[in-house]
Amino acid sequence: MDFPWDDLALTFSHTSMFPFFDFAHYLVSVMAVKSQPGAVALAWKNPISSWFTAMLHCFGGGILSCLLLAEPPLKFLANNTNILLASSIWYITFFCPHDLVSQGYSHLPVQLLASGMKEVTRTWKIVGGVTHANSYYKNGLIVMIAIGWARGAGGAIVTNFERLVKGDWKPEGDEWLKMSYPSKVTLLGSIIFTFQHTQHLAISRHNLMFLYTIFIVAIKITMMTTQTSMTFAPFEDTLCRILFGWQQQLSSSEKKSEAKSPSSGTGSLASKPSDVASDNVKKKHTKKNE
Amino acid sequence: MDFPWDDLALTFSHTSMFPFFDFAHYLVSVMAVKSQPGAVALAWKNPISSWFTAMLHCFGGGILSCLLLAEPPLKFLANNTNILLASSIWYITFFCPHDLVSQGYSHLPVQLLASGMKEVTRTWKIVGGVTHANSYYKNGLIVMIAIGWARGAGGAIVTNFERLVKGDWKPEGDEWLKMSYPSKVTLLGSIIFTFQHTQHLAISRHNLMFLYTIFIVAIKITMMTTQTSMTFAPFEDTLCRILFGWQQQLSSSEKKSEAKSPSSGTGSLASKPSDVASDNVKKKHTKKNE
Amino acid sequence: MDFPWDDLALTFSHTSMFPFFDFAHYLVSVMAVKSQPGAVALAWKNPISSWFTAMLHCFGGGILSCLLLAEPPLKFLANNTNILLASSIWYITFFCPHDLVSQGYSHLPVQLLASGMKEVTRTWKIVGGVTHANSYYKNGLIVMIAIGWARGAGGAIVTNFERLVKGDWKPEGDEWLKMSYPSKVTLLGSIIFTFQHTQHLAISRHNLMFLYTIFIVAIKITMMTTQTSMTFAPFEDTLCRILFGWQQQLSSSEKKSEAKSPSSGTGSLASKPSDVASDNVKKKHTKKNE
């Protein structure tokens, strides 16, 4: 019997995010703003701009999901209590005498606790986004995944866009396209919770929330303590092999039989520029050499 | 009696876009994505980004018109069938072994058929946009034109914006401003259908749809077979002459009488920079020399 | 007894903006467009693009506030009368023979009158924005301030964004962040009217509108006649001193006592880059030297 486990998960899933977990989320977000070069000087020169950036970091996911569902992006400003909490954290972080907050935050255990609690809010946001999207589009599986993802990880997109507009950041083609680890884990969570919500996964929601939260908190803490970056590379590799691999295998087996012919003429679209083709070929070679 | 003609037009205007015409539209859009440099390599490296770009190309007009009317831009994702169709086309176009789809598409008759069918969907989109906008704003002539235009040709704006954000594209002042041929013909169609809808044009809608579709399909096919680009230059010239020409004629006739005076002092605003003025003058000279 | 004053203020607050004040606002906005380098040449080459820019300048604040409240940004196009008025002004300003409008506008009294009347519309816009936001969010003080601000001064943001997209303008980090004088005075007005609306200020609305309008018109006309730029520097300085000053005083008093120790170790976050720290220190020195 796993009644205690079930009870624990149920109690956990009813935890309120408001005072403590939200506090941790805002703290981690504001510290991320502060660690950007020039942020402190900017806060002295133009407090309103700095405050606005901090709010975008704290509420970015919510703003993006509001935009995608055509709800007022200012909705987050109407929640006076949360705004007040986030603003207070911004204020004491940037203007506290002797920089006490930053000094306290520089200890690893504090960072671990805050980051772990921030990851917990991610689960709540994904679940909230999926449920909210379902109230709009009953059968919109993709919409549910997208909104859960946007609310859980959309802050990065919003803040990148802000930096783009400010001219602080130039995308270099690749940067925009690479998904970071939080994006990937949030996408995974969004897919799982959407399938749970549409009854395709035979597991109760509180159990799933509990398991997913433990999973992301554990990975986050491992990443922070060992200073490594977690990748989904093996998992992604397998998925790519399943989805797109059969063509490569066909191509490569065919190439062996064609190896004597000087130029491979398979599937080269007339209008395809040569650099792409060579890139593609190089990649296939790399894969073959593995 | 032209009953057969009327019947034909009526039947035509009741054609459903869904399986075949939408297929052609998605095919042409995805092939446009694939012909961009680097698109194939990107699809292997980051399938989600490539898929997203392809969806923007397929549904861009709808997304723009949703944004302009404050409807959820994710609405298009809720249409599971169309998303599935577009995604399948993206999948087989990019990952089909031996690049069969591209090879098939490289034949001119296939391209002609697909492009012609894509133009048919343009008519349906313009009519849909105009009707939809009318349900919001009863007398909003300009809104109706704008929404019809956005839905019919807005994909170009959305995808340009995507390239801008990704850093693939730098506007050079002029590029942004020049309207392409599809933009112009869609604007024309949007104006016509709006006036038809507000009863300012004494023609039934199905006849107008039939005529306009024949018109744009014929031009498109002519352009593709003769490799020329259609321009509205004479028409635009006449319109400009009507709207703005009287000033030029006044100016130029006046200039002749003033020709002996060394500097022409007409209408030079104090704050107007000299390069503009000279540009303007040069242009007037060019026109005079025609 | 100040009945005449009260009557005057009440009558003033019932003035309709429509024909004359809106005309002045559109005229000032369109003249601002025309004074940009290249605007006249562009209007000849691509009238639609020029018209679009002019409309953004005329209706920018309304568009931004619509975006923030998830209302259709095209709503302004549905107001046929105002669009027609603004378009006519755009037309005669750019295409009037002999540039009569620009010549007339180049006289200082005309500019003073138009600018003064434009400032009057600012008050009406702020009040409209605050009232409108209040109908959405009953207790959303910050939302009310933000919408009042967006409607009164948001045009600058919208047009900057347009120039950014067109590639005409590169923000240089600082430019984006510095608030211009109109932004500041609009923010101040938005805060005042919000507090008036929530009964935190014991003054009737028509009196406040009258006083605020006189204030901004007087400052605007003073600025234009004396060619100086008004700053809120003393006021801002006091506010900064109240909000953030105590830390500086603590830091500086402490620094004096620490002056003999070679390196000051207070509050240097490990991850803070050195240029920021030195910038900060320099600033403190400057303040101390004042």
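Small disclaimer: the values here were computed from a predicted structure and weren't measured. (Residues numbered from 1 in each chain as written. Chains lettered and ligands numbered in written order. Predicted model: local features only at pLDDT ≥ 70, side-chain atom pairs only at ≥ 80, totals over all residues. Heavy atoms only, no water.)

Caption draft 1: Spotlight on the overall build of chain A. Across its full length, chain A holds 13 helices and zero strands. In chain A, the succession of helices and strands from N to C terminus is α-α-α-α-α-α-α-α-α-α-α-α-α. Taken across its 290 residues, chain A has 46% of its residues classed as buried. Counting contacts in chain A only where the partners sit at least 6 residues apart, residues at least 24 apart contribute 75% of the total. Accessible surface, chain A as shown: approximately 14400 Å² in total, 65% of it carbon and sulfur. (Helix = DSSP H or I, 4+ residues; strand = E, 2+ residues; numbered from the N terminus. Buried < 20%, exposed > 50% of the residue type's maximum accessible area, 1.4 Å probe, protein only. Contact = heavy atoms within 4.5 Å. Areas by Shrake-Rupley, 256 points an atom, 1.4 Å probe, with all protein chains shown as cover.)

Caption draft 2: Representation of the UniProt feature "transmembrane region" (unreviewed entry) in chain A within the structure. Residue and element names in this part refer to chain A. As recorded in UniProt, the sites labelled "transmembrane region" (unreviewed entry) are residues 51-70, 76-96, 141-159 and 208-226. Regarding residues 141-159, the helix share stands at 100% and the strand share at 0%, and the terminal C-alpha atoms are separated by 27 Å. A helix fraction of 100% and a strand fraction of 0% characterise residues 208-226, whose end C-alpha atoms lie 27 Å from each other. (UniProt positions renumbered as here; feature names shortened; annotations may be inferred.)

Caption draft 3: Just a nonpolar patch on the surface, in detail. Residues and elements named next belong to chain B. A surface patch of nonpolar side chains, amounting to about 390 Å² of accessible area, comprises Phe235, Leu239, Ile242 and Leu243. Its place among the elements puts isoleucine 242 in helix α12 (residues 233-258). Note on isoleucine 242: relative accessible area 59%, which makes it exposed. (Patch = residues over 30% accessible without salt bridge, like charges linked within 9 Å, V, L, I, M, F, W, Y side chains within 5 Å. Salt bridge = Lys/Arg side-chain N within 4 Å of Asp/Glu carboxyl O.)

Caption draft 4: Focus on the environment of valine 40 of chain A. Within the secondary structure, valine 40 of chain A sits in helix α3 (residues 39-45). Sequence-wise, valine 40 of chain A and histidine 132 of chain A are 92 residues apart; in three dimensions their C-alpha atoms are separated by 37 Å.

Caption draft 5: Highlighting the packing of aromatic side chains. Residue and element names in this part refer to chain B. Tallied over the full model, the rule gives 30 aromatic pairs over all chains. Ring centres of tryptophan 90 and phenylalanine 94 lie 6.2 Å apart, and the angle between their planes is 45 degrees; on these two criteria the pair is classed as tilted. Taken together, the residues span about one helical turn, with tryptophan 90 and phenylalanine 94 both in helix α5 (residues 80-95) at a distance of four residues. Per residue, the accessibility class of tryptophan 90 equals that of phenylalanine 94, and both read buried. (Phe/Tyr/Trp six-rings, centres within 6.5 Å; stacked < 30°, edge-to-face > 60°.)

Caption draft 6: Expanded view of the pattern of salt bridges. Residue and element names in this part refer to chain A. For the coordinates displayed, the defined rule picks out nine salt bridges over all chains. Between lysine 34 and aspartate 99 there is a salt bridge, with the nearest N and O atoms lying 2.6 Å from each other. Here lysine 34, found in helix α2 (residues 20-34), pairs with aspartate 99, found in the loop between α5 (80-95) and α6 (100-105); they are 65 residues apart in sequence, far enough to count as distant. The residues lysine 34 and aspartate 99 share a single accessibility class, namely buried.

Caption draft 7: Main features of helix α5 (residues 80-95) of chain C. If you check α5 of chain C, its first and last C-alpha atoms are 22 Å apart, about what 16 residues at 1.5 Å a residue would give, namely 22 Å. The complete set of buried residues in α5 of chain C reads Asn82, Ile83, Leu85, Ala86, Ser87, Ile89, Trp90, Thr93, Phe94 and Phe95 of chain C. (Expected span 1.5 Å × (residues − 1).)

Caption draft 8: Examining the side chain of threonine 186 of chain B more closely. All names here are of chain B. Tracing the backbone through its elements, the reader meets threonine 186 in helix α10 (residues 181-197). Among the residues examined, threonine 186 registers a relative accessible area of 0% and is labelled buried. A distance of 2.5 Å separates the side chain of threonine 186 from the backbone oxygen of proline 182, its partner in a polar contact. Apart from the residues within four sequence positions on either side, threonine 186 is in contact with Arg122, Ile126, Gly148, Trp149, Gly152, Ala153 and Tyr212. (Polar contact = N/O pair within 3.5 Å; in protein donor to acceptor, adjacent residues only side chain to side chain.)

Caption draft 9: Layout of the packing of helix α8 (residues 141-166) of chain A against helix α10 (residues 181-197) of chain A. Residue and element names in this part refer to chain A. The N-to-C vectors of α8 and α10 enclose an angle of 140 degrees; their axes lie 8 Å apart at closest approach. In terms of their interaxial angle, α8 and α10 are classed as oblique. Where α8 crosses over α10, the handedness of that crossing is right-handed. Touching Leu141, Met144, Ile145, Gly148, Trp149, Gly152 and Ala153 of α8 are Pro182, Ser183, Thr186, Leu187, Ser190, Ile191, Thr194, Phe195 and His197, all from α10. (Axes fitted to C-alpha atoms, helices over the stretch in contact; angles between N-to-C directions. Parallel < 35°, antiparallel > 145°, perpendicular 65-115°, else oblique. Left-handed = near helix turned anticlockwise from the far one by under 90°.)

Caption draft 10: Spatial organisation of the state of the cysteines. Residue and element names in this part refer to chain A. The tally for this structure, following the rule as stated, stands at zero disulfides over all chains. Here cysteine 66 stays free of any disulfide, with the sulfur of cysteine 58 as its closest cysteine sulfur at 15 Å. With no disulfide of its own, cysteine 96 lies closest to cysteine 58 among cysteine sulfurs, the gap being 17 Å. (Disulfide = S-S within 2.5 Å.)

Caption draft 11: Fine view of the side chain of threonine 53 of chain B. Tracing the backbone through its elements, the reader meets threonine 53 of chain B in helix α4 (residues 47-68). The contact partners of threonine 53 of chain B, leaving out residues within four places of it in the chain, are Val33, Glu162 and Lys166 of chain B.

Caption draft 12: Expanded view of the packing of helix α2 (residues 20-34) of chain B against helix α7 (residues 108-136) of chain B. All names here are of chain B. Axis separation between α2 and α7 bottoms out at 8 Å; the angle between their running directions is 110 degrees. Taken as axis vectors, α2 and α7 run roughly perpendicular relative to one another. Every pair of crossing elements has a handedness; the one defined by α2 and α7 is left-handed. For the pair α2 and α7, contact is made by Phe20, Phe21, Asp22, Ala24, His25, Val28 and Ser29 and by Ala114, Ser115, Met117, Lys118, Val120, Thr121 and Lys125, respectively.

Caption draft 13: Geometry of the environment of aspartate 237 of chain C. Residues and elements named next belong to chain C. Here aspartate 237 is to be found in helix α12 (residues 233-258). Exposure remark for aspartate 237: the relative accessible area of 34% places this residue in the partly exposed category. With 217 residues separating them in the primary sequence, aspartate 237 and phenylalanine 20 have C-alpha atoms 38 Å apart.

Caption draft 14: Summary view of the confidence of the model for chain A. Per-residue confidence for chain A averages 78 on the pLDDT scale, and 79% of its residues sit at or above 70. Across the assembled chains, the prediction reports ipTM 0.72 with pTM 0.78. (pLDDT = per-residue confidence, 0-100.)

Caption draft 15: Summary view of unusual backbone geometry. Despite not being glycine, glutamine 199 of chain A has its phi angle at roughly 65 degrees, a positive value. Residue position: glutamine 199 of chain A is located in the loop between α10 and α11 (205-226). Residue class for glutamine 199 of chain A comes out exposed when judged on its relative accessible area of 69%. One non-glycine residue, alanine 70 of chain B, adopts positive backbone phi at about 60 degrees. Structurally, alanine 70 of chain B can be placed in the loop between α4 and α5.

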